[in-house]
Amino acid sequence: MDLLYTVLYYALQLYTFAIIAYIFMSWFPGARESAFGEFLSNICEPYLAPFRRIIPPIGMFDFSPIVAIFLLQFAVYGLNFIFSRIS
């Protein structure tokens, strides 16, 4: 059970960092067109797309990734809660 918790915890944290890297890549012209940028796009956009449909950009700022990261961190806290009750 401890292994399952560890794998899920680090997977969620890694995905959060991937989203943050994807956001920062938007600040550099042409970064998203690189192989790494396309890889991040393939793994991040399916998760971010529903948030973008609900939360429209305000001017030039897209706040949907912040909500998406908040939800991921909420899942991590829920994971910690569940596995603390089991152990």
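Structural data are supplied above this passage.
These numbers were taken from a predicted model, which means no experiment stands behind them.

What counts and what doesn't
- Residues numbered from 1 in each chain as written.
- Predicted model: local features only at pLDDT ≥ 70, side-chain atom pairs only at ≥ 80, totals over all residues.
- Heavy atoms only, no water.
- Phe/Tyr/Trp six-rings, centres within 6.5 Å; stacked < 30°, edge-to-face > 60°.
- Helix = DSSP H or I, 4+ residues; strand = E, 2+ residues; numbered from the N terminus.
- Buried < 20%, exposed > 50% of the residue type's maximum accessible area, 1.4 Å probe, protein only.
- Lys NZ or Arg CZ within 6 Å of the ring centre and 35° of its normal.
- Core = buried A, V, L, I, M, F, W, Y, C linked by side-chain atoms within 4.5 Å.
- Expected span 1.5 Å × (residues − 1).
- Contact = heavy atoms within 4.5 Å.
- Axes fitted to C-alpha atoms, helices over the stretch in contact; angles between N-to-C directions.
- Parallel < 35°, antiparallel > 145°, perpendicular 65-115°, else oblique.
- Salt bridge = Lys/Arg side-chain N within 4 Å of Asp/Glu carboxyl O.

Attention now goes to the packing of aromatic side chains. The full count for this structure, using the stated rule, is seven aromatic pairs. With centroids separated by 5.6 Å and ring planes inclined at 70°, the aromatic side chains of Tyr-15 and Tyr-47 adopt a geometry described as edge-to-face. Of the two residues, Tyr-15 sits in helix H1 (residues 2-25) while Tyr-47 sits in helix H2 (residues 35-54), which places them 32 residues apart along the sequence. Of the residues examined, Tyr-15 reaches a relative accessible area of 21% and is grouped as partly exposed. When the centroid spacing of 6.4 Å and the interplanar angle of 35° are considered together, the rings of Phe-61 and Phe-63 count as tilted. Site record: aromatic cluster; members linked through ring pairs are Tyr-5, Tyr-9, Tyr-10 and Phe-83. The side chain of Arg-32 reaches across the aromatic face of Tyr-22, ending 4.0 Å from its centre.

Moving on: the nonpolar core. Of all hydrophobic cores here, the largest spans twelve residues; its members are Ala-18, Ile-19, Tyr-22, Met-25, Ala-31, Leu-40, Cys-44, Leu-48, Phe-51, Ala-68, Ile-69 and Leu-72. Looking at this core, the elements that each hand over two or more residues are H1, H2 and helix H3 (64-86).

Across its 20 residues, H2 extends 29 Å between first and last C-alpha, which sits within 8% of the 28 Å expected from 1.5 Å per residue. Of all the positions in H2, only Gly-37, Leu-40, Cys-44, Leu-48 and Phe-51 are classed as buried. On its buried face, H2 sits against H1 and H3.

For the rest of this paragraph, the subject is the packing of H1 against H3. If you want to describe how two helices pack, look at the angle between their axes and the distance between the axes. H3 packs onto H1 with a crossing angle of 170° between their chain directions and a minimal axis gap of 10 Å. By the angle class used here, H1 and H3 are roughly antiparallel. For the pair H1 and H3, the contacting residues are Leu-4, Tyr-5, Leu-8, Tyr-9, Leu-12, Gln-13, Tyr-15, Thr-16, Ile-19, Ile-20 and Ile-23 in the first and Pro-65, Ile-69, Leu-72, Gln-73, Ala-75, Val-76, Leu-79, Asn-80 and Phe-83 in the second.

Right, let's talk about the pattern of salt bridges for a bit. The full count for this structure, using the stated rule, is two salt bridges. Glu-45 serves as the salt-bridge partner of Arg-52, at 2.6 Å between the closest nitrogen and oxygen. For Arg-52, a relative accessible area of 27% gives the class partly exposed. With its nearest N and O atoms 2.7 Å apart, the salt bridge here joins Asp-62 to Arg-52. Of the two residues, Asp-62 sits in the loop between H2 and H3 while Arg-52 sits in helix H2, which places them ten residues apart along the sequence. Residue classification places Asp-62 among the partly exposed residues on the basis of a relative accessible area of 27%. A network of salt bridges, in which partner residues are shared, links Glu-45, Arg-52 and Asp-62.

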